[in-house]
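# Inside the fold
The chain contents come next:
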Amino acid sequence: MLDGGGQPLERAVASAAVLRSQVAPGWRNKRFTISWVGAAALFVSLIALVPLGFVASATLETGWIDAAALVWRPRVGELLINTALLTIIATPLCVVLGVGLAVLTERTDLPGHRFWSITAAAPLAIPAFVHSYAWVSVAPSLHGLFAGVLISVLAYFPFLYLPVAASLRGLDPALEDVAASLGLAPSRIFFRVVLPQLRLAIWGGGLLLALHLLSEYGLYAMVRFDTFTTAIFDQFQSTFNGPAANTLAGTLALLCLALVLFEARTRGGGRYARLGSGSPREPRRQRLGRWGRAAAILPLFIIALLAVGVPLITLMRWLAIGGARVWNTDEITSALGQTLSFGTTGAVLATLAAAPIAWLAIRRPTRFARALEGINYVTSALPGIVVALALVTITIRFARPLYQTVTTVLVAYMMMFLPRALVSLRAGVAQAPVELEQVARSLGRSPAQAVWSISLRLAAPGAAAGAAMVFLGIANELTATLLLAPNGTETLATSFWALSGELDYAAAAPYATIMVVLSLPLTWLLYHQSRRLVGR
Amino acid sequence: MICKVRIRVLALLLLCAALTATMSQSQAQELTIYNAQHRSLTAEWVEGFTRDTGVKVTIRNGDDTELGNQLLQEGSATPADVFLTENSPAMSMVEQAGLLAPVDPATLEQVAPAYRPSTARWIGIAARSTVLVYNKTKPVASALPHSLLDLADPVWKGRWAASPTGADFQAIVSALLELKGEAATLAWLKAMKTNSVAYRGNGAVLKAVNSGQIEAGVIYHYYYLRDQAKTGENSTNAALYYFKGQDPGAFVSISGGGVLASSKHQADAQSFLKWVTGHPGQAVLRNGDAYEYVVGEGEASNPKLTLLTDLDAPEINVSKLNSKKVVELMTQAGLL
């Protein structure tokens, strides 16, 4: 990306120059629209670069010698080992679980496969730190790497399950038929024909999972498992934005970027779309037989019990213990109101900010557009704590009027969740045929009007889905909100965290319950969308 | 035509900006407290203060050193009017940066001289004692350590817990540093890294001791009493042991309150300190479920507490407790 960096910038400057120059009116209009969208996209992406710039400048400011002394110490080694072990153990486990469940629900005649596939997506509706809270209530001595891996797998395996199940539904069974006709046994067909076709889904889901593992705070803090993110938070609590916190944040940012690069390098460039005319046949469901069904239901039941049952039953139990005492309506209403207002404003803002980038990526897919898109993905890969530390430091030093304001919180949310809006919006824009815009132009509409009345309207469902995903992210966000929220502001997540920190698990239960209830419809939407993407 | 679209988008952006501006402005008009004390205790104080004076209060919650360092960074532009800490070191840090206004003489008179610094830039609002909490059913019960320093001995390996990331424990270390010096403190912290188990929060330490996951823990006294007053589910098997004998482990920590020199609400801020250190504020400590010691002249603590005079705490000049050095040493020992 570095070598291409100069060119897009120059191009943007050049297009901005065209904006000012006097050219023929017809041309002027066309150029104007492009550069206006380009400038907006550039602006959003420049904001997204702020945390990366912060990480670099914080390291420079600390000085290489001091920064090195803060990075090369045994404690960082411990954290590195913990974080690496967590990622290396939990990611393959989630892959196996995700693929296994997807095969069972999509490719076998399992009774109630629709029910089981919803159950497999359901853990997403429960915030990771609520999973942790439930497990600590059930088994108070649970701690360390084992607890970290167990709860991470249960909370995050849908990240693998959803894309893998969607890919499985979209596969053309003809390839498997050919393999069978050439004498391959069913199990070998799975490993040689089906599994390789799931590569993109597994790699993409795995990356998303690994990034979540690196940036999660609440889950690990509750089970006393120290990762980079928890250590940064500890340093923040002791020193605000001291050099130790900032250098740890820099190291963590590098780890995240390394993951993104690793995924990009290893995912391969193979073709996965089907060739040939007509539409593919529905894949055949493997018969399980009576014993096979029993053997398949048992693991599904256990997973559902652990990933959905334990959190929900624990919540019910705490609600029952707390009774009416814990429903302190004023505080709960205000936290709910705050969460809803952050969520909706953040979702609208992220969608607006994503619009120019999405439009460019589809309608003007230049290197410039790709670079802008890439910047936003990279920034969203940074943990919330790094983004928040960056914004605290920058606003306190250079942008005082923005310090401790709602604006800063919303900018942080935008940086963290913009790709969620971008992905859906992009798909929406791609589905709007450019020819319709051209027809509108031929009927006398200006380019901007054509975009407004054709593409934006056709992309609206995609935009809505993306906005819902952003909302879900914001509603359950903890670390950045803790650091950036204006004075006196509490969201559902921060209230829950404060109460569970004082071991008042009963009083924390209503907040957790409301978060789950808010997340349920959106998780349903996500599930529904992942099925619709492949048209079934 | 383009203009029309542009105007709509611009209008939308302006609306967003206006919305956020009003949202942030509405919070800037009352007394703002940076609070590192327990949320529930400060909430009770604020409720009483607002009831008596009509002054509305906005609270930002955080940890001692987090908020202390935040105040240093914000400097005179801070929105905070009052700073409340759980322990004194963070308050001294803010004082040394010259950010605190002198406390009203009338307020000073309300508090015994032992619980306020000679500089009179801040004032004690409550006090708490270091204790060893231990599990009554474990071997530790028959062989308690004589001093906090004994916990560095290899026989204690894996047997005691603390919350090293918390300001409470860091204040205890600052007392150790003041009493025994830098080299001895670092050696003790390194031994602690090998011997102790880290939990997040003193409540979590108490819970672990009670359930027998660990034999003993170094915390403050009131966690045990609070739990006993509620259901006792996290403390039935636990008991408190006071080191006494002017040991570093007998350290009594002072929670402080100070008014920021940059505050635009000096009168209200001073009256808040006066209220908290006066009879109504100290009565909250005696009658509520905070179980911290009162510091008001002529006020009595909750009768369930061991008398403060019986604790034989080491005499320490509170202004000398150094939180920055403690964080450095703890980072060096690998605890942070």
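Cut-off values and rules
Residues numbered from 1 in each chain as written. Chains lettered and ligands numbered in written order. Predicted model: local features only at pLDDT ≥ 70, side-chain atom pairs only at ≥ 80, totals over all residues. Helix = DSSP H or I, 4+ residues; strand = E, 2+ residues; numbered from the N terminus. Rg over C-alpha atoms; globule rule 2.2 N^0.38 Å. Buried ≥ 20, exposed ≤ 12 C-beta atoms within 10 Å, placed from the backbone. Contact = placed C-beta atoms within 7 Å. Expected span 1.5 Å × (residues − 1). Nonpolar A, V, L, I, M, F, W, Y, C, P; charged D, E, K, R; others polar. Domains from an automatic or database assignment. pLDDT = per-residue confidence, 0-100. Core = buried A, V, L, I, M, F, W, Y, C linked by C-beta atoms within 7 Å. Axes fitted to C-alpha atoms, helices over the stretch in contact; angles between N-to-C directions. Parallel < 35°, antiparallel > 145°, perpendicular 65-115°, else oblique. Left-handed = near helix turned anticlockwise from the far one by under 90°. Pairing = 2+ DSSP bridges.

Attention now goes to the overall build of chain A. Each helix and strand counted, chain A has 26 helices and 0 strands in total. Relative to a compact globule of 536 residues, whose C-alpha radius of gyration would be 24 Å, chain A shows 24 Å and is just as compact. Overall, chain A is about 75 × 65 × 50 Å in size when its C-alpha atoms are taken along their principal axes. Residues counted as buried form 49% of the 536 residues belonging to chain A. Here the analysis covers contacts within chain A between residues at least 6 apart in sequence; of these, 82% occur between residues at least 24 apart.

A count of helices and strands for chain B gives 12 helices and 10 strands. The C-alpha atoms of chain B give a radius of gyration of 22 Å, which matches the 20 Å a tight globule of 336 residues would have. Projected onto the principal axes, the alpha-carbon positions of chain B cover approximately 85 × 50 × 40 Å. In chain B, which comprises 336 residues, the proportion classed as buried is 51%. Taking all contacts inside chain B whose residues are at least 6 apart in sequence as the whole, residues at least 24 apart take part in 78%.

All names here are of chain A. Between its first and last C-alpha atoms helix α9 (residues 158–170) spans 18 Å; for 13 residues at 1.5 Å apiece the expected length is 18 Å, and the two agree. Counting buried residues along α9, 11 of its 13 residues qualify, which places the element largely inside the surrounding structure. Of the residues making up α9, those classed as buried are Pro-158, Phe-159, Leu-160, Tyr-161, Leu-162, Pro-163, Val-164, Ala-165, Ala-166, Ser-167 and Leu-168.

The next subject is the interface of chain A and chain B. Opposite the 35 residues of chain A that make contact, chain B presents 38 residues. At the level of elements, α5 (74–107), α14 (228–239), α20 (406–431), α22 (447–458) and α25 (492–501) of chain A are the ones that each hand at least two residues to the side of chain A that touches chain B. Per element, the largest residue contribution to the side of chain A that touches chain B is 6 residues, and it comes from α14 of chain A. In terms of residue class, the side of chain A that touches chain B is made up of 16 nonpolar, 14 polar and 5 charged.

To continue, consider the domain arrangement of chain A. All names here are of chain A. What the domain assignment reports for chain A is domain 1 (1–48 + 327–387 + 396–536) and domain 2 (52–266 + 288–308). Taken over C-alpha atoms, the centre of domain 1 sits 24 Å from the centre of domain 2. Taken together, the 27 residues of domain 1 in the interface contact 31 residues of domain 2. Taken together, the elements giving at least two residues each to the side of domain 1 that touches domain 2 come down to α18 (367–381), α19 (384–398), α25 and α26 (505–532). In terms of residues, the side of domain 1 that touches domain 2 owes the most to one element, α26, which gives 11 residues.

Residue and element names in this part refer to chain B. Mapped onto the elements of the fold, Ala-238 is located in strand β9 (residues 238–241). According to the C-beta neighbour criterion, Ala-238 is buried, with 25 such atoms within 10 Å. When sequence neighbours within four positions are dropped, the list of residues in contact with Ala-238 reads Val-133, Tyr-134, Asn-135, Lys-136, Leu-206, Val-209, Asn-210 and Tyr-224.

Bringing the confidence of the model for chain B into the picture now. Per-residue confidence for chain B gives a mean pLDDT of 90; residues scoring 70 or more make up 91%. Ignoring residues within four places in sequence, the model shows residues 24–28 of chain B, a span with pLDDT below 50, making 8 contacts including any to other chains.

The biggest cluster of nonpolar side chains holds 270 residues, and the ones touching the most others in it are Ala-350 and Ala-412 of chain A. The residues contacting Ala-412 of chain A, other than those within four sequence positions of it, are Val-387, Ala-388, Leu-391, Ala-480 and Leu-484 of chain A.

Moving on to the packing of helix α7 (residues 182–195) of chain B against helix α12 (residues 323–332) of chain B. Residues and elements named next belong to chain B. One can describe the packing of α7 onto α12 by two numbers: an axis separation of 9 Å at closest approach and a directional angle of 45°. With respect to each other, α7 and α12 are oriented oblique. Both α7 and α12 take part in a crossing whose hand is right-handed. Along the contact surface, α7 presents Thr-185, Leu-186 and Leu-189, while α12 presents Leu-329, Met-330 and Gln-332. Here the residues of the contact of α7 with α12 sort into 4 nonpolar, 2 polar and no charged.

Moving on to the pairing of strand β5 (residues 123–135) of chain B. All names here are of chain B. Counting buried residues in β5 gives 13 out of 13 residues, a clear majority hidden from the surface. Bridge count for β5 against strand β10 (residues 252–260) is 6 bridges, and the pairing is antiparallel. Along β10, the bridge assignment pairs Gly-124 with Gly-256. Pairing of β5 with strand β8 (residues 216–220), which is carried by 5 bridges, proceeds in the antiparallel orientation. Note that in β8 the partner of Leu-132 across the bridge is Val-218. Here β5 pairs with β9 via 4 bridges, running antiparallel. Each bridged residue has a counterpart across the sheet, and for Val-133 the counterpart in β9 is Leu-240.

Moving on, we come to the domain arrangement of chain B. Residues and elements named next belong to chain B. Split by domain assignment, chain B resolves into domain 1 (25–125 + 254–302) and domain 2 (128–251 + 323–332). Using only C-alpha atoms to locate each centre, domain 1 and domain 2 end up separated by 27 Å. Listed by partner, the interface residues are 14 residues for domain 1 and 13 residues for domain 2. Of all the elements in the fold, those that place two or more residues in the side of domain 1 that touches domain 2 are α3 (64–74) and α4 (88–96). No other element matches α4, which puts 3 residues into the side of domain 1 that touches domain 2. Grouping the constituent residues of the side of domain 1 that touches domain 2 by class yields 7 nonpolar, 2 polar and 5 charged.

Residues and elements named next belong to chain A. Note that Ser-495 resides in helix α25. Its 24 C-beta neighbours within 10 Å are what place Ser-495 among the buried residues. If we ignore the near neighbours within four places in the chain, the residues touching Ser-495 are Glu-331, Ala-335, Glu-490 and Tyr-511.

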